[in-house]
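The chain contents come next:
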Amino acid sequence: MTTSDDLVSRSAVELRRLIGGKEISPVELLEACIARIEAVNPFINAVTATCYERARAEARAAERDVMAGGALGLLHGLPLGVKDLEATAGLLTTYGSPLYRANVPAEDNVLVARLRAAGAVVVGKTNIPEMGAGANSRNVVWGATGNPFNPNLNAGGSSGGSAAALATDMLPVCTGSDTGGSLRIPASKCGVVGFRPSPGVVPSSRKLLGWTPISVVGPMGRTVADACLQLAASAGLSAGDPLTYELDPASFLVPPQVDLGSLRVAWTEDFGACAVDDGIRRVFRGKIDAMKHLFRSCDEVKFELGDVHRCFDVLRAESFVAGMNEAYQRDPASLGPNTRANYEMGAKMSLVDSAWAQAEQTRILARFQQVYRDYDVVLSPTTPVSPFPWTELYADTINGEKQENYYRWLALTYVVTLATHPAITLPCGLDHAGMPFGLQVVGGFRRDRHTLGVAQAMEQAFAASPALRRPLPDVRNLRAPEPALTSIVTSPPVLDGTGATAGGNASAV
């Protein structure tokens, strides 16, 4: 007999197979996920606004469709958590900001609409930093998300709620998005998979600067196959994102088989530009030593990428100026410190700065290609530090080196963002502090399917190694963090659009 815990711990791919084979019911799965949320979420605060009654009605409808024997979508009956940056019809969407504390959209955005059309059942929203600014998922509307391995530490961001919900088996499918590392960093810190696809693979209909390639939407999952399943359900052309193009979404379902023994692998601790903690460097070198026998070759390489930091500063600030101008002009104090800092940085910049950054990004892409003439993929750490307390907004110093701003510590991922290459973070054992270690795998230009194939082959190989395989949090021994994750909430949450209490841990608020 399958227990509730056994059920929720299964992969999304396996759960979809069981639903299609009439071995489990979407109703049974949803109730198991709700029970897990109610048991675990008070300790980590990953799930925010919920719509349980609507989800139950949709799960019953999904069950009827299964029994009727009709065609089923890729995600049919799978409970879904949606990052709180994505608009969800009838369900509170706050962007982690007091400005949107009562915002209930009338329509799903393109990403959510596609996932629902594929049969996913929206259960709730997942936590983020305010407006997605930063890699610590905390805000004054919902509070902070704690790490599943130690709730006193942070879960990363900005897709921190999604990563933590996946890691603790609260939901089998969760969405993410990535500018400077918002998919990859929380996945790394929570021990799950996060894939940043090439720009234009998955539509992001909410970005105001539609032609910028630095912000993308992508999948997360407990396994590479789970990420591929979500990708296949969401990829493809949409006029809502002018960078999208015609492609075959189903091609992502089964990535090409890759023989690791044929791969020419390069590795770098820092891309020649990023501050990285000495402990993380040692751990990374140990991981490379443990896996290098898998590849045809595995060599350290040097990068000379130019002024990547200033380039990212300008391009990131442009996006925040576009999105935050109205709110800032009305009341700067209405924005949190990270969001306001980004806006004010951008407001001081000129057209000369913008033109330089656009040109420098093009040069960075060209410099990146020099490594890929001789190598198939590049490996690096995903994050430069082990998870730190959620009470600290960001990593202020690395190896005693003061960081220039609140996101400079994200450089290992934003360097790759600027190059626009597909990149995935794989769970890769534990770090020196006993927390999940994420390995960033950066594929060749526009080689998304090949990158996924490489990652899946590595994941399979890592499964045999205690030092490399995915670590699992012990949810049965979670303890309430100190201080409480909701201690920074300024007022109680409102009700969502379906009348359900907004917040899976409402009793803790």
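Residues numbered from 1 in each chain as written. Predicted model: local features only at pLDDT ≥ 70, side-chain atom pairs only at ≥ 80, totals over all residues. Heavy atoms only, no water.

Peer 1: Any chance you could explain the overall build of the chain here in plain terms?
Peer 2: Within the chain, the regular secondary structure consists of 14 helices and 17 strands. Its C-alpha radius of gyration of 21 Å places the chain within 12% of the 23 Å reference for a compact globule of 509 residues. Taken over the C-alpha atoms alone, the chain extends approximately 55 × 55 × 45 Å along its principal axes. Counting across all 509 residues of the chain, residues that qualify as buried make up 61%. Split by element, the accessible area of the chain, about 17900 Å² in all, is 52% carbon and sulfur. When the 46 positive and 51 negative side-chain charges of the chain are each reduced to one mean point, those points stand 1 Å apart. (Helix = DSSP H or I, 4+ residues; strand = E, 2+ residues; numbered from the N terminus. Rg over C-alpha atoms; globule rule 2.2 N^0.38 Å. Buried < 20%, exposed > 50% of the residue type's maximum accessible area, 1.4 Å probe, protein only. Areas by Shrake-Rupley, 256 points an atom, 1.4 Å probe, with all protein chains shown as cover. Lys, Arg positive; Asp, Glu negative; His and termini not counted. Charge placed at Lys NZ, Arg CZ, Asp CG, Glu CD.)

Peer 1: I keep staring at the packing of helix H10 (residues 308-330) against helix H11 (residues 337-347) and nothing clicks. Help me out?
Peer 2: A pair of packed helices is captured by two measures, namely the crossing angle of their axes and the spacing between those axes. Between H10 and H11, whose axes approach to 7 Å, the crossing angle comes to 105°. Between H10 and H11, the crossing angle belongs to the class labelled roughly perpendicular. Within the contact between the two elements, H10 uses Asp 313, Arg 316, Ala 317, Phe 320, Val 321, Met 324, Asn 325, Tyr 328 and Gln 329 and H11 uses Thr 339, Arg 340, Asn 342, Tyr 343, Glu 344, Met 345, Gly 346 and Ala 347. Of the residues assigned to the contact of H10 with H11, the class counts are eight nonpolar, five polar and four charged. (Axes fitted to C-alpha atoms, helices over the stretch in contact; angles between N-to-C directions. Parallel < 35°, antiparallel > 145°, perpendicular 65-115°, else oblique. Contact = heavy atoms within 4.5 Å. Nonpolar A, V, L, I, M, F, W, Y, C, P; charged D, E, K, R; others polar.)

Peer 1: Would you mind showing me how to read the pattern of salt bridges here?
Peer 2: If charged atoms from side chains of opposite charge come close, those side chains can pair. With the rule as written, the count across this model stands at 29 salt bridges. The partner of Arg 54 in a salt bridge is Glu 58, with the nearest N and O atoms 3.9 Å apart. Here the residue Arg 54 and the residue Glu 58 both occupy positions in helix H4 (residues 52-68), the gap between them amounting to four residues, near one helical turn. One continuous salt-bridge network, built from bridges that share partners, spans Arg 10, Glu 14, Arg 17 and Glu 23. (Salt bridge = Lys/Arg side-chain N within 4 Å of Asp/Glu carboxyl O.)

Peer 1: Even after reading the chapter, I still don't get the UniProt feature "domain: Amidase" (unreviewed entry) in the chain, so can you show me in this structure?
Peer 2: Feature annotation in UniProt assigns "domain: Amidase" (unreviewed entry) to the following positions: residues 28-452. Strand forms 17% of residues 28-452 and helix 36%; the C-alpha atoms that close the span are 31 Å apart. (UniProt positions renumbered as here; feature names shortened; annotations may be inferred.)

Peer 1: How should the environment of Gly 443 be read in this particular structure?
Peer 2: Its location among the elements puts Gly 443 in the loop between strand E17 (436-442) and helix H14 (448-462). Gly 443 has contacts with Tyr 372, Asp 376, Val 377, His 421, Pro 422 and Thr 451, leaving out every residue within four places of it along the chain.

Peer 1: Got a minute to help me understand the pairing of strand E2 (residues 79-83) in this structure?
Peer 2: Working note: regular strand, side chains alternate between the two faces of the sheet. Among the five residues in E2, five count as buried, and that is most of the element. Across the two faces of E2 the burial is the same, with Pro 79, Gly 81 and Lys 83 and Leu 80 and Val 82 all buried. The pairing of E2 with strand E3 (residues 121-126) spans five bridges and is parallel. By the bridge assignment, Pro 79 is partnered in E3 with Val 121. The parallel pair E2 and E3 is bridged by helix H5 (residues 110-117), and the resulting crossover is right-handed. Relative to strand E8 (residues 173-178), E2 is paired through two bridges, and the arrangement is parallel. (Pairing = 2+ DSSP bridges. Right-handed = clockwise from strand over helix to strand, strands pointing away.)

Peer 1: For this particular structure, what's the right way to read the sheet that holds strand E9 (residues 193-196)?
Peer 2: Strands belonging to one sheet form pairs held by backbone hydrogen bonds; the direction of such a pair is parallel or antiparallel. One open sheet accounts for eleven strands, arranged E1-E3-E2-E8-E10-E9-E16-E17-E13-E11-E12; its pairing is mixed. The sheet is open, and its two edges are formed by strand E1 (47-50) and strand E12 (297-300), each paired on a single side. Between one strand and the next, the sheet's axes are offset by a mean angle of 30°, whatever the strand orientation. In this structure, E1 lies alongside E3, joined through two bridges in antiparallel fashion. By the bridge assignment for E3, Val 47 is matched with Thr 126. Against the sheet, helix H3 (residues 26-44) touches E1, E2 and E3, its axis set at about 50° to E2.

Peer 1: What is the right way to look at the nonpolar core in this model?
Peer 2: Looking at soluble globular proteins, one finds that nonpolar side chains tend to be buried together. Core analysis: the biggest nonpolar cluster contains 146 residues, and Phe 271, Met 291, Phe 368, Leu 379 and Met 458 have the highest contact counts within it. Take this core: its biggest share by element is nine residues, from H10. Non-local contacts of Phe 271, meaning those with residues more than four positions away in its chain, are made with Phe 303, Leu 305, Phe 368, Val 378, Ser 380, Leu 412, Val 415, Val 416 and Gln 440. (Core = buried A, V, L, I, M, F, W, Y, C linked by side-chain atoms within 4.5 Å.)

Peer 1: Please explain helix H2 (residues 12-20) as it appears in this structure.
Peer 2: Structural remark: α-helix, 3.6 residues per turn; residues separated by three or four positions point the same way. Turning to H2, its buried residues number three or more, namely Ala 12, Leu 15, Arg 16, Leu 18 and Ile 19. Along the axis of H2, the buried positions cluster into a sector of 160°, meaning they face one direction only. One or two steps after H2, the chain reaches Lys 22, where phi turns positive at roughly 60°. (Arc of directions from axis to C-beta.)

Peer 1: What's the story with the environment of Ile 37 in this structure? I'm lost.
Peer 2: Considering the arrangement of structural elements, one finds Ile 37 in helix H3. What makes Ile 37 buried here is its relative accessible area of 0%. Taking C-alpha positions, Ile 37 is 8.9 Å from Thr 168, a pair spaced 131 residues apart along the chain.

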